[in-house]
Amino acid sequence: MAEALAGAAAATGGPPSATAVGDALLVTSELVTNALRHGGGLTGFRVEVDRDALAVTVADASRELPHVRRRRAQRVSGPGEGGFGWPLVRLLARGIRLTLPPGGGKIIEVRLPLH
């Protein structure tokens, strides 16, 4: 991710904003962590930069699509709790594409603004 963000300056004529860098790192971390924790393992990863956006693609072994987990209002969070990642990805992304390839698993592509 660091290499892609550094290369974004060359592709766009200027460095990504600090917010864009933070968002890209956070979204990438969430997607990869979810693939490892809930998706049966990471099976693919790609980052592409164009003039105004960064595309992060993560593939895993599960066909279960991401979803918002219901939280009970009075539950106290402890180790292993979560449920914030997918809503956060949805909030920060400019676009999301979910694909279920014929060979199994799923692919999640997220586009994030660079500025």
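Residues numbered from 1 in each chain as written. Predicted model: local features only at pLDDT ≥ 70, side-chain atom pairs only at ≥ 80, totals over all residues. Heavy atoms only, no water.

## Quick word on helix H3 (residues 85-92)
(1) Moving on: For H3, the set of buried residues is Gly85, Trp86, Val89 and Leu92. Buried residues in H3, looked at end-on, bunch into an arc of 135°, giving them a common side.
(2) Moving on: Where the residues of H3 are buried, they touch helix H2 (18-38), strand S3 (95-99) and strand S4 (106-113). (Buried < 20%, exposed > 50% of the residue type's maximum accessible area, 1.4 Å probe, protein only. Helix = DSSP H or I, 4+ residues; strand = E, 2+ residues; numbered from the N terminus. Arc of directions from axis to C-beta. Contact = heavy atoms within 4.5 Å.)

## Overview of the pairing of S4
(1) Moving on: Relative to S4, strand S2 (residues 53-60) runs antiparallel, the two sharing eight bridges. Note that in S4 the partner of Val58 across the bridge is Ile108.
(2) Moving on: Alignment of S3 against S4, held across five bridges, turns out to be antiparallel. Looking at S4, one finds that Thr99 is bridged to Ile107.
(3) Moving on: What sits between the antiparallel neighbours S3 and S4 is a turn of six residues, in which Gly104 has the positive phi angle 110°. (Pairing = 2+ DSSP bridges.)

## Description of the nonpolar core
(1) Moving on: Formed by 19 residues in total, the largest nonpolar core has its most connected members in Val27, Leu31, Leu54, Val110 and Leu112.
(2) Moving on: Mapped by element, the contributors of at least two residues to this core are helix H1 (2-12), H2, S2, H3 and S4.
(3) Moving on: Here this core gets five residues from one element, more than from any other, and that element is H2.
(4) Moving on: In contact with Leu31, not counting residues within four places along its chain, are Val56, Val58, Trp86, Val89, Ile108 and Val110. (Core = buried A, V, L, I, M, F, W, Y, C linked by side-chain atoms within 4.5 Å.)

## Some remarks on the pattern of salt bridges
(1) Moving on: Here the structure, examined in full by the defined rule, presents five salt bridges.
(2) Moving on: Across the salt bridge formed by Glu48 and Arg46, the nearest N and O atoms sit 3.7 Å from each other.
(3) Moving on: Looking at Glu48, the relative accessible area reads 40%, which means it is partly exposed.
(4) Moving on: A salt bridge links Arg111 to Asp50, with the nearest nitrogen and oxygen atoms 2.9 Å apart. (Salt bridge = Lys/Arg side-chain N within 4 Å of Asp/Glu carboxyl O.)

Shape is all these values report; function is a separate question.
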